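# Observations on the model geometry
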Amino acid sequence: MAGVAVGLDVGGTKLAGGLVAEDGSVLDRVRHDTPDTPDAIVELVVSVARNFQTRHNLEPVPVGVGAAGLIDTEGTVRYAPNLPWADFPLGTVLRSRLDRPVTVDNDANVAAWGEYRAGGGRDAHRSLVMLTVGTGVGGGLVLEDRLVRGAGGMAGELGHITVLEGGPRCPCGATGCLEALASGTAIARIARERVAGGQIPPGTALATPPPDELSGKQVTIAAYAGDRAAVDVLATAGRWLGVGIASLVAAFDPEVVVVGGGAMQAGDLLLAPAREACAARLIGRGHRELAPIVPAVLGDDAGLIGAALLALAAQPWY
Ligand SMILES: [Zn+2]
């Protein structure tokens, strides 16, 4: 069968696999708990790939893997905070076990490729900036119809561009990263700070739960229920998102900016302020087309679809 590949999304707790057609449709899928040793993960990836092949009477098809962590140009996982491997040559091991093309890349990169080819950026022909706004802020970059990996495979960490030097501390150790100002974690922090600072009227939605338990999701639920303070918190995070996007658009001039991740449940409550802040500060405003800032559409499937489509594209590294 032409134009089919296996895609795997290896997360800290779940491993999702799919047989994916070149238009991004998922023909078959499986889901497992992620094993807790590198060897067991390899065995599971190999068996998932072979099972799809047997079940669908296929010749060996390319395999694409997206995994959380820093992954170098050889497909070696250098470091992964939520997976049990460090300096593990995943690409080399899988290629020798499966005897077919295997692509291994960072999970945010493969998600960006998935959205570019089959999701929110599918109408783009050459370029896309993708941000995944969840607990942190992930990123991926496509330029000239190619996924940008950088010199060592670590490009696309767009959540760690600085938007406010001296601002809130980021998990990466720096201050004022986009992630520290616009992630789901940041939305919760902004809300808690406003509660602690007495800026939230007592008895309203954000002032009711114990401040330590206030989450980004609760802020979004309160905003949809019409709570003004919650809408303002999302607008603040959304404006920071727009400030970050303006820098990315200034640097890369993409056709489209796609925003996904759990925080996008807030939809336009986050994106409308982002669009406004981006348009207000972008270089050349008034004399250029503004790249649309749109929601991602593939949801949790972005990783496995993107991994498979990247394997099909079989692009050499820059
Ligand atoms: Zn950071």
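The structure reproduced in this document is the subject of the present report. Keep in mind that what you see is a predicted model, and the values were worked out from it rather than measured.

Further remarks concern unusual backbone geometry. Even without glycine at this site, Asp 99 takes up a positive phi of about 55 degrees. Take Asp 99: it is sitting in the loop between α2 (90-98) and β8 (102-106). Of the residues examined, Asp 99 reaches a relative accessible area of 67% and is grouped as exposed. Phi at Asp 145 is positive, roughly 65 degrees, even though this residue is not glycine. On the secondary structure map, Asp 145 appears in the loop between β10 (137-143) and β11 (146-147). Owing to a relative accessible area of 28%, Asp 145 belongs among the partly exposed residues under this scheme.

Here the zinc ion is held by His 160 (ND1), Cys 170 (SG), Cys 172 (SG) and Cys 177 (SG), and the distances to it run 2.0 to 2.4 Å. Between the 4 donor atoms coordinating the zinc ion, the angles at the centre fall across 106 to 121 degrees, so the site counts as tetrahedral.

This next bit is on the pattern of salt bridges. Tallied over the entire structure, the rule returns 11 salt bridges. Across the pair Arg 149 and Asp 105 runs a salt bridge whose closest N-O atoms are separated by 2.8 Å. Of this pair, Arg 149 sits in the loop between β11 and α4 (178-182) while Asp 105 is found in strand β8, placing the two residues 44 residues apart along the sequence. Each member of the pair Arg 149 and Asp 105 is classed as buried. The partner of Arg 288 in a salt bridge is Asp 253, with the nearest N and O atoms 3.2 Å apart. Separated by 35 residues along the polypeptide, Arg 288 in the loop between α8 (268-281) and β13 (293-295) and Asp 253 in the loop between α7 (228-252) and β12 (257-260) bring together distant segments of the chain.

What counts, and at which threshold
Residues numbered from 1 in each chain as written. Predicted model: local features only at pLDDT ≥ 70, side-chain atom pairs only at ≥ 80, totals over all residues. Heavy atoms only, no water. Helix = DSSP H or I, 4+ residues; strand = E, 2+ residues; numbered from the N terminus. Buried < 20%, exposed > 50% of the residue type's maximum accessible area, 1.4 Å probe, protein only. Donors = N, O, S within 2.8 Å, 3.2 Å for Na, K, Ca; no water. Tetrahedral: all angles 85-135°; square planar, octahedral: opposite > 155°, others 65-115°. Salt bridge = Lys/Arg side-chain N within 4 Å of Asp/Glu carboxyl O.

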